[in-house]
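This is what each chain is made of:
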Amino acid sequence: MSVVSYSESGFDTQDERWDDWEDDELLTPMKCLFCATTFQSAITLFRHVKQHHGFDFPHARKTLNLDFYQSMRAVNYIRTLEKTDPKFSQVSQFELTGTEAFLNDDEYLKPVLEDDTLLYALDELDLDDTRSIGGGSRAGSLARSPMVGEGCVLRERELASKVKALEQQLGIKEREVTFVTEQFDEYRQMVKRQFYDNMGDKTNDDGGKEKEGGDYYFNSYANNDIHLQMLQDKVRTEGYRDFMYDSKSLFHGKVVLDVGCGTGILSMFAARAGASKVIAVDNSDIVVKARANVAENGLDNVITVVRGKIEDIELPVDSVDIIISEWMGYFLLFEAMLDSVLVARDRFLAPGGLLAPSASYIYLTAIQDDEYMHDQVNYWDNVYGFKMSAMKKLQVAAKEADVDVIPNDAVVATRSLIAEIDHGTTTSKKLDFASSFSVTVTRDSTVHALLGYFDVAFSQSQAVPGPSSADLTADAYEKNGQVTDKALWKQSMHGFTTGPHGTPTHWKQTVFVLPESIVAKEGDEVRGDFVCRKSATNPRELDIEVAYYHVPKGMAEGEFEKVIKHQSYQLV
């Protein structure tokens, strides 16, 4: 858009750039409500509507006392009729009574036509100028000063019209965002009520059996897209494959249980690794395709596919030697599928048996990511030079943790191990955990967020489920920024990481944006406490509490002012 020049005496009436702007912006055609005719202003459009289609919109708006949003609903309702009825352009009489339901239906706040400029110009009808449907002057119109030319007055009116239209355009967009947000929230709550609320650790009078009705979660794994995404995650799929193919002596002649088998890929890896029998269990419709996949590869003499919940089914064997399962969710524990693996362990795993993976670990570090903060958090502070604070999410008691791929160079601190889970001994109750953490800042930076990720280990024996404590608590990086051999995924023991120092995975990382960023120097610390538990309303979601404070370099407790800040998060 061209820049408009000004002089001390007012608008520069000779500046051709004003005319360019006027042509480009102010004269956008507006389509008639009833036919395909277009106009340069709302005034002339509604004059045409009255003369050719028998509908005096400004009069109806005034006599029925319609506000801006009711007027917008009326326009969109009529446009809906015009769009769906080929003969609607022939209408010669139309009226409103003010009792129509659509006048208060927010469904009609959504524009029927893309970039419908008529919606932005509705309040042009209310401007105090000399224009009207009848062509006469209106009381209270702008008086002409003898020191200001008629052309300048007209331009001032056009400018006022343009400003008003822009204000209304912003209002429309805000209402659209609010409407869509409300609709999504209602949909999400409906899903929770109808499906998820019956899936948790809720018990009945008969003693702890899960209520019926978890179909939504399981059926979400019935379509191809989610399996394609997981199979194409090479870190995930090749991590399992390499462990089994490199452990053929371990799998040879063994009975293997695959919990949540999906397409059957892990079961087929186990069969190729030498298992004598593999039982693949899943509770979604994917089992039909899994059976076909198994048969197509000539492994149906080894693999038996069973549909059902691991908590309820009976296996064709008394016990199994190895349980394999890809159960991990965002931040490791989202979706609570590990609980089902633990049930399978307690029901079917023989003494001395193995789980693959055998252990998992959750880490916390700190990041400075200006690009992420701009795109995800601060975007509305400057939208093409305008502030749009109203578009930001309302500050609520609990923020939603974000799941995103964060670049390795955004990490500005060491890591802290906050959860160490031995799959052979842990319990469902222990998966709710609390841990202290401390990370040391590695360069002068502004800490925007804490970052969570997980590693998993595949051991040859459940008696030694993972690397040593010294390796687990060591930093993942050398001083030169290269990943150290002590990082789990670079050790001789099979395993992989979902951290930013590894290859990105479909699990990404979990971002906990701090309510206030921390300006830190190299050597400073961020310390605190981290609490993670299953949501009380939906046990497949996570509620997280973080308390943290900034420790200047070299200072001990009591030598600095400790300002502890608290933030709740939800992973939904």
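Residues numbered from 1 in each chain as written. Predicted model: local features only at pLDDT ≥ 70, side-chain atom pairs only at ≥ 80, totals over all residues. Heavy atoms only, no water.

## So, the sheet that holds strand β6 (residues 277-282)
For step 1, the next point in the chain: Taken together, five strands build an open sheet; the order of strands is β7-β6-β5-β8-β9 and the sheet is parallel. A single partner strand is all that each edge strand has here, and the edge strands are β7 (303-307) and β9 (349-356). Averaged over all neighbouring strand pairs, the angle between strand axes comes to 20 degrees, with direction disregarded.
For step 2, the next point in the chain: Where strand β5 (residues 255-259) and strand β8 (residues 320-324) come together, three bridges link them in parallel fashion. The residue bridging Leu 257 from the neighbouring strand is Ile 323, located in β8.
For step 3, the next point in the chain: Packing against the sheet, helix α12 (residues 286-296) makes contact with β6 and β7, and its axis sits at approximately 170 degrees to β7. (Pairing = 2+ DSSP bridges. Helix = DSSP H or I, 4+ residues; strand = E, 2+ residues; numbered from the N terminus. Axes fitted to C-alpha atoms, helices over the stretch in contact; angles between N-to-C directions. Contact = heavy atoms within 4.5 Å.)

## Quick word on the packing of aromatic side chains
The description of an aromatic ring pair rests on the distance of the ring centres and on the angle between the ring planes.
For step 1, the next point in the chain: Scanning all chains against the criterion turns up 27 aromatic pairs.
For step 2, the next point in the chain: Geometrically, the ring pair formed by Tyr 363 and Tyr 453 is stacked, given 5.5 Å between the ring centres and 20 degrees between the ring planes. Residue Tyr 363 is located in strand β10 (residues 359-367), and its partner Tyr 453 is located in strand β15 (residues 445-458); the two are separated by 90 residues in the primary sequence. Across this residue pair, the class does not change: Tyr 363 and Tyr 453 are buried. (Phe/Tyr/Trp six-rings, centres within 6.5 Å; stacked < 30°, edge-to-face > 60°. Buried < 20%, exposed > 50% of the residue type's maximum accessible area, 1.4 Å probe, protein only.)

## Considering helix α13 (residues 338-348)
For step 1, the next point in the chain: When you tally the buried positions in α13, you get eight out of 11 residues, the bulk of the element.
For step 2, the next point in the chain: For α13, the full list of buried residues reads Leu 338, Asp 339, Ser 340, Val 341, Leu 342, Ala 344, Arg 345 and Phe 348.
For step 3, the next point in the chain: Contact partners of the buried residues in α13: β5, β8, β9, β13 (416-422) and β18 (525-534).

## Let's talk about helix α11 (residues 265-272)
For step 1, the next point in the chain: Among the eight residues in α11, six count as buried, and that is most of the element.
For step 2, the next point in the chain: When α11 is considered as a whole, its buried residues turn out to be Leu 266, Ser 267, Met 268, Phe 269, Ala 270 and Ala 271.
For step 3, the next point in the chain: Backbone geometry just after α11 places Gly 274 at a positive phi near 115 degrees.

## Re the environment of Val 75
For step 1, the next point in the chain: Mapped onto the fold, Val 75 is located in helix α4 (residues 68-84).
For step 2, the next point in the chain: The exposure class of Val 75 is buried, given its relative accessible area of 0%.
For step 3, the next point in the chain: Leaving out residues up to four positions away in the same chain, Val 75 has contacts with Leu 33, Phe 57, Asp 116, Leu 118, Leu 119 and Leu 122.

## Considerations on empty space enclosed by the protein
For step 1, the next point in the chain: All told, the structure shown has three cavities of 30 Å³ or more when counted by the stated rule.
For step 2, the next point in the chain: Of the volumes computed, that of the largest cavity is approximately 80 Å³.
For step 3, the next point in the chain: At the level of elements, α13 and β18 are the ones that each hand at least two residues to the lining of the largest cavity.
For step 4, the next point in the chain: Its residues assigned to classes, the lining of the largest cavity shows 10 nonpolar, no polar and four charged. (1 Å grid on protein atoms, 1.4 Å probe; cavity = no way out; pocket = protein on both sides within 12 Å on 5 of 7 lines; lining within 4 Å. Points joined across faces, edges and corners; volume = space filled by probe spheres on them. Nonpolar A, V, L, I, M, F, W, Y, C, P; charged D, E, K, R; others polar.)

## Some remarks on the pattern of salt bridges
For step 1, the next point in the chain: Enumeration according to the criterion identifies 15 salt bridges in this entry.
For step 2, the next point in the chain: We note a salt bridge from Glu 326 to Arg 236, for which the minimum N-O separation is 2.7 Å. Of the two residues, Glu 326 is situated in the loop between β8 and α13 and Arg 236 in helix α9 (residues 234-245); the sequence distance between them amounts to 90 residues.
For step 3, the next point in the chain: You can call Glu 326 buried: its relative accessible area is 9%.
For step 4, the next point in the chain: Across the pair Lys 562 and Glu 557 runs a salt bridge, and its minimum N-O distance is 2.9 Å.
For step 5, the next point in the chain: The network of salt bridges with shared partners includes Glu 525, Arg 527, Glu 557 and Lys 562. (Salt bridge = Lys/Arg side-chain N within 4 Å of Asp/Glu carboxyl O.)

## A word on the pairing of strand β17 (residues 509-520)
For step 1, the next point in the chain: Looking at chain direction, strand β12 (residues 402-404) and β17 are connected through three bridges and run antiparallel. Pairing of Asp 402 across the sheet is with Val 511, part of β17.
For step 2, the next point in the chain: Sheet analysis places β15 next to β17, joined by seven bridges and oriented antiparallel. Within the sheet, the bridge partner assigned to Ala 449 lies in β17 and is Val 513.

## Re the nonpolar core
For step 1, the next point in the chain: Among the nonpolar cores identified, the biggest contains 88 residues, and Met 244, Phe 251, Leu 257, Ile 303, Phe 331 and Phe 530 are the most heavily contacted of them.
For step 2, the next point in the chain: Counting residues domain by domain, this core receives three or more from each of domain 2 (224-326) and domain 3 (359-571).
For step 3, the next point in the chain: Apart from residues lying up to four places away in sequence, Ile 303 is in contact with Ser 267, Met 268, Ala 271, Val 278, Ala 280 and Val 294.
For step 4, the next point in the chain: Counting 32 residues, the second-largest nonpolar core is a separate cluster that includes Ala 60, Met 72, Phe 94 and Leu 109. (Core = buried A, V, L, I, M, F, W, Y, C linked by side-chain atoms within 4.5 Å. Domains from an automatic or database assignment.)

## Description of the environment of Tyr 77
For step 1, the next point in the chain: As for its placement among the helices and strands, Tyr 77 is situated in helix α4.
For step 2, the next point in the chain: Ignoring anything within four residues of it in the chain, the contact list for Tyr 77 reads Phe 102 and Tyr 108.

## A look at unusual backbone geometry
For step 1, the next point in the chain: With an omega dihedral of 5 degrees, the bond running from Ala 356 to Pro 357 counts as a cis peptide bond.
For step 2, the next point in the chain: Relative to the helices and strands, Pro 357 resides in the loop between β9 and β10.
For step 3, the next point in the chain: A positive phi angle, near 50 degrees, is found at Phe 331, a position not held by glycine.
For step 4, the next point in the chain: The backbone phi angle of Lys 508 is positive, close to 55 degrees, even though this residue is not glycine.
For step 5, the next point in the chain: Mapping Lys 508 onto the fold places it in the loop between β16 (494-497) and β17.
For step 6, the next point in the chain: Exposure remark for Lys 508: the relative accessible area of 31% places this residue in the partly exposed category.

## Observations regarding the confidence of the model for the protein chain
For step 1, the next point in the chain: Overall, the prediction assigns the protein chain a mean pLDDT of 81, with 76% of residues at 70 or greater.
For step 2, the next point in the chain: The secondary-structure element of the protein chain with the lowest mean pLDDT is strand β1 (residues 6-7), recorded at 34, while β8 shows the highest, at 98. (pLDDT = per-residue confidence, 0-100.)

## Describing the side chain of Ser 267
For step 1, the next point in the chain: Following the sequence through the fold, Ser 267 ends up in helix α11.
For step 2, the next point in the chain: Take Ser 267: its relative accessible area is 0%, and that puts it in the buried class.
For step 3, the next point in the chain: Among residues more than four places away in sequence, those in contact with Ser 267 are Asp 258, Cys 261, Val 278, Ala 280, Ile 303 and Ile 324.

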